[in-house]
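Chain by chain, the residues:
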Amino acid sequence: MPRYAQLVMGPAGSGKSTYCSTMVQHCEALGRAVQVVNLDPAAELFSYPVMADIRELIEVDDVMEDESLRFGPNGGLVFCMEYFANNFSWLEESLGHVEDDYVLFDCPGQIELYTHLPVMKQLVEQLQQWEFRVCGVFLVDSQFMVESFKFISGILAALSAMISLEIPQINVMTKMDLLSKKAKKEIEKYLDPDMYSMIEDSTNILKSKRFKKLTKSICGLIDDYGMVRFLPLDRSDEESINIVLQHIDFTIQYGEDLEFKEPKECEEDKSPLVDEYFQDHVDE
Ligand SMILES: Nc1nc2c(ncn2[C@@H]2O[C@H](COP(=O)(O)OP(=O)(O)OP(=O)(O)O)[C@@H](O)[C@H]2O)c(=O)[nH]1
Ligand SMILES: [Mg+2]
């Protein structure tokens, strides 16, 4: 049986941990079992039950306090992630093997992990060896996406994660509940962006010719890939959570090989009902 994984990535504060707890609650309501693994060695609190926590293996504070290493918070995190990459056996033991595993990995927010450091790619390869079908879920904060320049930088971050990890990726714009009605309308054009009209909007205000040319080439590159779209996520709206989940399930083909299971409520009172049914027919 294949196993399923979501690698929840994105810049610091984009809402990764909140996304994981929202998904857990949503899946619980649907009667689906979903587990979460915390992969952020600097995490302090999260509001979901964890199946495994990287801090059991290594913690950023310990690395920073180590006299011989003397790392700051970012160097400390990179050190922790490299240590993790050399100790995947810890993850293998923690994951165990449950039938129809579906695991969310809550990743750290340092963007360099997704753009040029090898650890996330190594993690993906390892998960694939353990028969996981992995979908990248890249989150960006909608608050920072309402202007075209910020949007272009967000889209480039999502694109570089997509290219370096080589897995299907769903990009999600989070915190839509915080936007005003006007801003929501405004952001619609960024969900499925037409980069060429964005070039016109954004380059008009630029004075430097070279900068204009560079912006045009970047927009052209994004458009050539044609793979960067965003799904809006409003955590207060079940329908929007469901749409995101359906897109992810579709990319990893979740549900195709699932065995039929009796719904929980029915299991308890199944036997009396079935017994009664047969009893009635025997009596006839
Ligand atoms: N209103 C609203 N707030 C959100 C949402 N998602 C996250 N937040 C808030 O944004 C802040 C950061 O959220 P986190 O889930 O911790 O973000 P993160 O990406 O895990 O952050 P790091 O792990 O530090 O990189 C918290 O104060 C959350 O309450 C959302 O959908 N709506
Ligand atoms: Mg977090």
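These figures come from a predicted structure and were not determined experimentally.

Peer 1: Which parts of the structure should I look at to understand the overall build of the protein?
Peer 2: A tally of regular secondary structure across the protein gives 12 helices and seven strands. Restricting to contacts in the protein with at least 6 residues of sequence separation, those with at least 24 account for 75%. For the protein, the accessible surface area stands at approximately 15600 Å², while carbon and sulfur atoms represent 52% of it.

Peer 1: Honestly, the sheet that holds strand β4 (residues 102-106) in this entry has me stumped. Any pointers?
Peer 2: Through backbone hydrogen bonds, the strands of a sheet pair up, either in parallel or in antiparallel fashion. With parallel pairing, the seven strands of this open sheet are ordered in space as β3-β2-β4-β1-β5-β6-β7. Here the strands that pair on one side only, and so sit at the sheet edges, are β3 (52-53) and β7 (231-232). Two elements, strand β1 (residues 3-9) and β4, share five bridges in a ladder whose sense is parallel. Counted as the bridge partner of Ala5 is Val103 from β4. Lying over the sheet, helix α7 (residues 148-165) contacts β1, β5 (132-141) and β6 (169-174), oriented at roughly 155° with respect to β6.

Peer 1: What is the right way to read the pattern of salt bridges from this model?
Peer 2: Any two side chains of opposite charge can pair if their charged atoms end up close together. Using the criterion set out here, one finds seven salt bridges in the structure. The salt bridge partner of Asp249 is Arg32, with a shortest N-O separation of 2.8 Å. One end of the pair, Asp249, is in helix α11 (residues 238-251); the other, Arg32, is in the loop between α1 (16-30) and β2 (35-38), and 217 residues separate them in sequence. A residue is classified by how much of its surface remains accessible, and Arg32, at 17% relative accessible area, is buried. Notably, a salt bridge pairs Lys175 with Asp141, separated by 3.1 Å at the nearest N-O pair. Pair noted here: Lys175 is in the loop between β6 and α8 (181-191) and Asp141 is in strand β5, with a separation of 34 residues, a long-range link. Taking relative accessible area as the criterion, Lys175 reaches 27% and is therefore assigned partly exposed.

Rules behind the numbers
- Residues numbered from 1 in each chain as written.
- Chains lettered and ligands numbered in written order.
- Predicted model: local features only at pLDDT ≥ 70, side-chain atom pairs only at ≥ 80, totals over all residues.
- Heavy atoms only, no water.
- Helix = DSSP H or I, 4+ residues; strand = E, 2+ residues; numbered from the N terminus.
- Contact = heavy atoms within 4.5 Å.
- Areas by Shrake-Rupley, 256 points an atom, 1.4 Å probe, with all protein chains shown as cover.
- Pairing = 2+ DSSP bridges.
- Axes fitted to C-alpha atoms, helices over the stretch in contact; angles between N-to-C directions.
- Salt bridge = Lys/Arg side-chain N within 4 Å of Asp/Glu carboxyl O.
- Buried < 20%, exposed > 50% of the residue type's maximum accessible area, 1.4 Å probe, protein only.

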